[in-house]
Amino acid sequence: APPPPPPPPPPPAPAENDNGRQEVLRILEAWSQEHQHPDGNYDAFYADTVDFYLVNGCPKARVLEETRGFFRTYSDYSSSIENVSLEAVAPDIWRCEYDKTFSAFNTKKQRPWNGKVHSLLVFTKFGGRWLITTEKDKKVYFVNK
């Protein structure tokens, strides 16, 4: 009689609970893509108050106005992110640092603008949704105005 077939391989171990890591990475990518467009749906990404660059506790309405105002001055904006680092600082808070390279055309000064910065986003979970509660540039590698 032929030998019995080998036993099936064990099932894969259940995925470790990543505390939302993969979801935050997907949101980061969607946020980055949305910021390529002047008419992007930015408000879906932000909490009601945000530590926004130099303004702590900035109301979301001001964040949105600042973002839309940026696109009134700069056209043809594009950016990419790399070297993403995520750190869980609490069960409902992720700290995300990354390098961002960007370019645009300053319509007021009629010249190109580009650079590279090291940025920080903090995502906090509210009612099952991860929202940005901090957006800052921590370091400027270079900026050509």
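None of these values were measured; they are calculated from a predicted model.

### A few points about helix 2 (residues 60-73)
So, step 1. Under the 1.5 Å per step criterion, the end-to-end length of helix 2 is 20 Å for 14 residues, consistent within 8% with the ideal 20 Å.
So, step 2. Of the residues making up helix 2, those classed as buried are Val63, Leu64, Thr67, Gly69, Phe71 and Thr73.
So, step 3. On its buried side, helix 2 packs onto strand 1 (46-52), strand 2 (55-59), strand 3 (74-90) and strand 4 (93-106).

### Let's talk about the packing of aromatic side chains
A ring pair, where both rings are aromatic, is described by two values, the distance of the centres and the angle of the planes.
So, step 1. Counted according to the given criterion, the structure contains 10 aromatic pairs.
So, step 2. The interplanar angle of 25 degrees and the centroid separation of 4.8 Å between the aromatic rings of phenylalanine 70 and tyrosine 74 together place this pair among those described as stacked.
So, step 3. When its relative accessible area of 22% is taken as the criterion, phenylalanine 70 is described as partly exposed.
So, step 4. In textbook terms, an aromatic cluster arises when at least three aromatic residues are bridged by ring pairs, as seen for Tyr42, Phe70, Phe71, Tyr74, Tyr77, Phe102 and Trp113.

### Description of unusual backbone geometry
So, step 1. One non-glycine residue, asparagine 19, adopts positive backbone phi at about 55 degrees.
So, step 2. Mapped onto the elements, asparagine 19 comes out in the segment before helix 1 (21-34).
So, step 3. For asparagine 19, a relative accessible area of 38% translates into the label partly exposed.

### Digging into the sheet that holds strand 3
So, step 1. The strand order 2-1-6-5-4-3 describes an open sheet built from six strands, whose pairing is mixed. What marks the edges here is a single partner per strand, and that holds for strand 2 and strand 3. With direction set aside, neighbouring strand axes in the sheet form an average angle of 25 degrees.
So, step 2. With three bridges joining them, strand 1 and strand 2 adopt antiparallel strand pairing. Note that in strand 2 the partner of valine 50 across the bridge is cysteine 58.

So, how was this worked out
Residues numbered from 1 in each chain as written. Predicted model: local features only at pLDDT ≥ 70, side-chain atom pairs only at ≥ 80, totals over all residues. Heavy atoms only, no water. Helix = DSSP H or I, 4+ residues; strand = E, 2+ residues; numbered from the N terminus. Expected span 1.5 Å × (residues − 1). Buried < 20%, exposed > 50% of the residue type's maximum accessible area, 1.4 Å probe, protein only. Contact = heavy atoms within 4.5 Å. Phe/Tyr/Trp six-rings, centres within 6.5 Å; stacked < 30°, edge-to-face > 60°. Pairing = 2+ DSSP bridges. Axes fitted to C-alpha atoms, helices over the stretch in contact; angles between N-to-C directions.

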